[in-house]
Amino acid sequence: MRLSPYLTYAKKSFLNRSAYRFDNIMGIISTCLQFFIFWEIYKALYGTSTDIDGITMPMVTTNFILSMGLGAVFSPDDYFLPSKIWDGSIATEFLRPISFKGRMIAENAGNALFSLLFRFTPCLVIALFTVGVNPPASPAMLALFVLSAILGFGVLWTISFAVQMTAFWLINIWSLITIKNVFINVLSGSMIPLWFMPKELTAVLNFMPFSSVYFTPVQIYLGQLSFEEIILKCGIQLAWIIVIYLFGDLLWRKGQKKLIVQGG
């Protein structure tokens, strides 16, 4: 498979994002505002306490910075396929001599790289000079954090991919996308760190795809997992990527047979 067409799409997506400077500035401000709001809330909850059940405020702060930063980077276009079904351009897409799914991944990768450089990095720098962020537990943990974060992006992308495939049957998938986003925001540890969830619920969430997106990389970054646990967690991430992708691919193949494009 030739990679050059997909690299071209990734580059185009990166350059398209760079054209909207005001939107990017507002994105940085929005991400920072979200973080500072949550930081103030948890600061008030902690009060004069140095930790709650062994979880310190700097750990919570680091969780928010990394989760919200990764959330800004991991932003798949949930309407990439639905928009093309609605306007009928999906028929043209099928005629292109490249994989449509490969194009989806390439454009998402271009967007992710732009957000990493021009949204996550500025927010991280601002946080370092204002509230502080815990350093990684070790260089090895930092490398494993990056690996786990990439796998987390894979989990999030496949979830978005599977939800988008329902557009072949549903006129509007806005409600499904909203439900998906709620589950990810609440159960991934982004809004509420899973440290504060009931232990019975956390035991279940540890094997669900949602915690694999953000919380697993954060745990690795902070050095809370042994190497054996990291292998298990990364294995869970990889397993969910395969399972969810296969489910989405099944919907993709069935959807193509059902698709009817009208126009003229």
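Everything below is about the structure shown above.
Keep in mind that this is a model prediction, so the values were computed, not measured.

Undergrad: Please give an account of helix α8 (residues 174–187) that cites residues and values.
TA: The end-to-end C-alpha separation of α8 is 20 Å, in line with the 20 Å expected for 14 residues at 1.5 Å each. Those residues of α8 that are buried are in contact with α7 (139–165), α9 (199–205) and α10 (209–213). Taken from the residues just after α8, Gly-189 is the one with a positive phi, measuring 90 degrees.

Undergrad: Which residues make up the side chain of Ser-67, and what are the values?
TA: With respect to the helices, strands and loops of the structure, Ser-67 is situated in helix α3 (residues 57–73). With near-sequence residues (within four places) excluded, Ser-67 lies in contact with Gly-189, Ser-190, Tyr-214 and Val-218.

Undergrad: Let's hear about the nonpolar core: which residues, and what values?
TA: Membership of the largest hydrophobic core comes to 48 residues, with the highest contact counts inside it found for Phe-64, Phe-74, Trp-195 and Tyr-214. For this core, the elements supplying multiple residues, two or more each, are α2 (21–46), α3, α6 (100–130), α7, α8, α10, α11 (215–221) and α12 (227–258). For Phe-64, the residues in contact, after removing those within four places along its chain, are Phe-35, Phe-38, Tyr-42, Gly-69, Ser-190, Met-191 and Pro-193.

Undergrad: How would you explain the packing of aromatic side chains if you had to name every residue and give the values?
TA: A complete count under the given rule lists 19 aromatic pairs for this structure. Between Phe-38 and Phe-64, the aromatic rings sit 5.4 Å apart at their centres with planes inclined by 25 degrees, giving stacked as the arrangement. Of this pair, Phe-38 sits in helix α2 while Phe-64 is found in helix α3, placing the two residues 26 residues apart along the sequence. For the pair shown, Phe-38 and Phe-64 are each scored as buried. Seen from their ring centres, Phe-161 and Tyr-245 are 5.6 Å apart, and the 15 degrees between their planes marks the pair as stacked. Taken as a pair, Phe-161 in helix α7 and Tyr-245 in helix α12 lie far apart in primary sequence, 84 residues in all. Look at Tyr-245 and you get partly exposed, because its relative accessible area is 28%. Residue placement shows Lys-84 over the ring face of Phe-80; its charged tip is 4.2 Å from the ring centre.

Undergrad: Which residues make up the pattern of salt bridges, and what values go with them?
TA: A complete count under the given rule lists six salt bridges for this structure. The partner of Asp-78 in a salt bridge is Lys-180, with the nearest N and O atoms 2.9 Å apart. Here Lys-180 lies in helix α8 and Asp-78 lies in the loop between α3 and α4 (80–87), a separation of 102 residues in the sequence. Judged by its relative accessible area of 10%, Asp-78 falls in the buried class. Its relative accessible area of 8% is what places Lys-180 among the buried residues. Its salt-bridge partner being Glu-107, residue Arg-103 comes within 2.9 Å of it at the nearest N-O pair. Remark: Glu-107 and Arg-103 occur in helix α6; sequence separation between them is four residues, near one turn of the helix. Owing to a relative accessible area of 9%, Arg-103 belongs among the buried residues under this scheme.

Analysis parameters
Residues numbered from 1 in each chain as written. Predicted model: local features only at pLDDT ≥ 70, side-chain atom pairs only at ≥ 80, totals over all residues. Heavy atoms only, no water. Helix = DSSP H or I, 4+ residues; strand = E, 2+ residues; numbered from the N terminus. Expected span 1.5 Å × (residues − 1). Contact = heavy atoms within 4.5 Å. Core = buried A, V, L, I, M, F, W, Y, C linked by side-chain atoms within 4.5 Å. Buried < 20%, exposed > 50% of the residue type's maximum accessible area, 1.4 Å probe, protein only. Phe/Tyr/Trp six-rings, centres within 6.5 Å; stacked < 30°, edge-to-face > 60°. Lys NZ or Arg CZ within 6 Å of the ring centre and 35° of its normal. Salt bridge = Lys/Arg side-chain N within 4 Å of Asp/Glu carboxyl O.

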